[in-house]
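Topology and contacts: notes
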Amino acid sequence: NLWILKTYPSSDSTSGPLWHSTDGGETWTNLRVGLVSDSMNQLTYTSLEMRASGFGCLTGSIYTPTSTYDSTRTVVLMTTNSGVSWTQNDFIREDYSTIVPISDSTWVLLGNSRPNTNPNSSKSIERRTSDLGATWKFSPAFGADSFSYQHFYASTYVPRLNTILAT
């Protein structure tokens, strides 16, 4: 299975951001996940992780142009059937660019908070689910030592050590 995520989807509803191939890239199927950009909102997809079992997670940001900084929210979409259908969660003033799949049901999001008053004072944060995205537990990624002004750009999960490494 091969997957391609198009970061900036087209503004029409004819093509979605996710493409899937089951024959080594000879043919591709476009999966419309139900979100597209329009004239009022700007949507950017940031991360995709798919497991061989068909479980997957996709993150993106929706920005509605206003005079306040609160107009950005993260969209987290979960699938259990290789992208045929998705469930959605929105997180206001949070950016998640890193997805760590620990098992089919357990996933970790790493990212940054976006405070109301000062967008430059963000902190590294984490959300974790163990029920396929039905609920997401929030915590500072490193407790009281959460890093200000930092973003997680890459990560990996080391199952043998039950450890997430993030940069």
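Up top you'll find the structure we're talking about.
About the criteria used
- Residues numbered from 1 in each chain as written.
- Predicted model: local features only at pLDDT ≥ 70, side-chain atom pairs only at ≥ 80, totals over all residues.
- Heavy atoms only, no water.
- Helix = DSSP H or I, 4+ residues; strand = E, 2+ residues; numbered from the N terminus.
- Buried < 20%, exposed > 50% of the residue type's maximum accessible area, 1.4 Å probe, protein only.
- Contact = heavy atoms within 4.5 Å.
- Patch = residues over 30% accessible without salt bridge, like charges linked within 9 Å, V, L, I, M, F, W, Y side chains within 5 Å.
- Areas by Shrake-Rupley, 256 points an atom, 1.4 Å probe, with all protein chains shown as cover.
- Salt bridge = Lys/Arg side-chain N within 4 Å of Asp/Glu carboxyl O.
- Pairing = 2+ DSSP bridges.
- Axes fitted to C-alpha atoms, helices over the stretch in contact; angles between N-to-C directions.
- Phe/Tyr/Trp six-rings, centres within 6.5 Å; stacked < 30°, edge-to-face > 60°.

1. As for the overall build of the chain
The helix and strand inventory of the chain stands at zero helices and 13 strands. Helices (α) and strands (β) of the chain occur, in sequence order from the N terminus, as β-β-β-β-β-β-β-β-β-β-β-β-β. When burial is assessed residue by residue, the chain has 40% of its 167 residues classed as buried. In the chain, the share of contacts with a sequence separation of at least 24, taken over all contacts with a separation of at least 6, comes to 39%.

2. Some remarks on a nonpolar patch on the surface
Together, Leu-2, Ile-4 and Trp-28 give the surface a local cluster of nonpolar side chains, amounting to about 240 Å² of exposed area. Taking the relative accessible area as the measure of exposure, Leu-2 reaches 36% and is therefore partly exposed.

3. Focus: the sheet that holds strand S3 (residues 29–31)
A sheet is described by the order of its strands in space; here three strands give the open sequence S1-S2-S3, paired in antiparallel fashion. The outermost strands of the open sheet, each flanked by one partner alone, are strand S1 (2–5) and S3. With direction set aside, neighbouring strand axes in the sheet form an average angle of 25°. Note that S1 and strand S2 (residues 18–21) share four bridges and pair antiparallel. Residue Trp-3 lies in a different strand from S2, and its bridge partner there is His-20.

4. A closer look at the packing of aromatic side chains
A full pass over the atoms with the stated rule returns two aromatic pairs. When the ring of Phe-91 is compared with that of Tyr-96, the centres are 6.0 Å apart and the planes differ by 75°; the resulting orientation is edge-to-face. Each member of the pair, Phe-91 together with Tyr-96, is buried. Here the aromatic rings of Phe-91 and Trp-136 are separated by 6.4 Å at their centres, their planes lie at 85°, and the arrangement is edge-to-face. With Phe-91 in strand S7 (residues 87–92) and Trp-136 in the loop between strand S10 (124–129) and strand S11 (137–140), the pair connects residues that are 45 residues apart, well separated along the chain. Residue classification places Phe-91 among the buried residues on the basis of a relative accessible area of 8%. Given a relative accessible area of 10%, Trp-136 falls into the buried group. Three or more aromatic residues joined by ring pairs form one cluster here, namely Phe-91, Tyr-96 and Trp-136.

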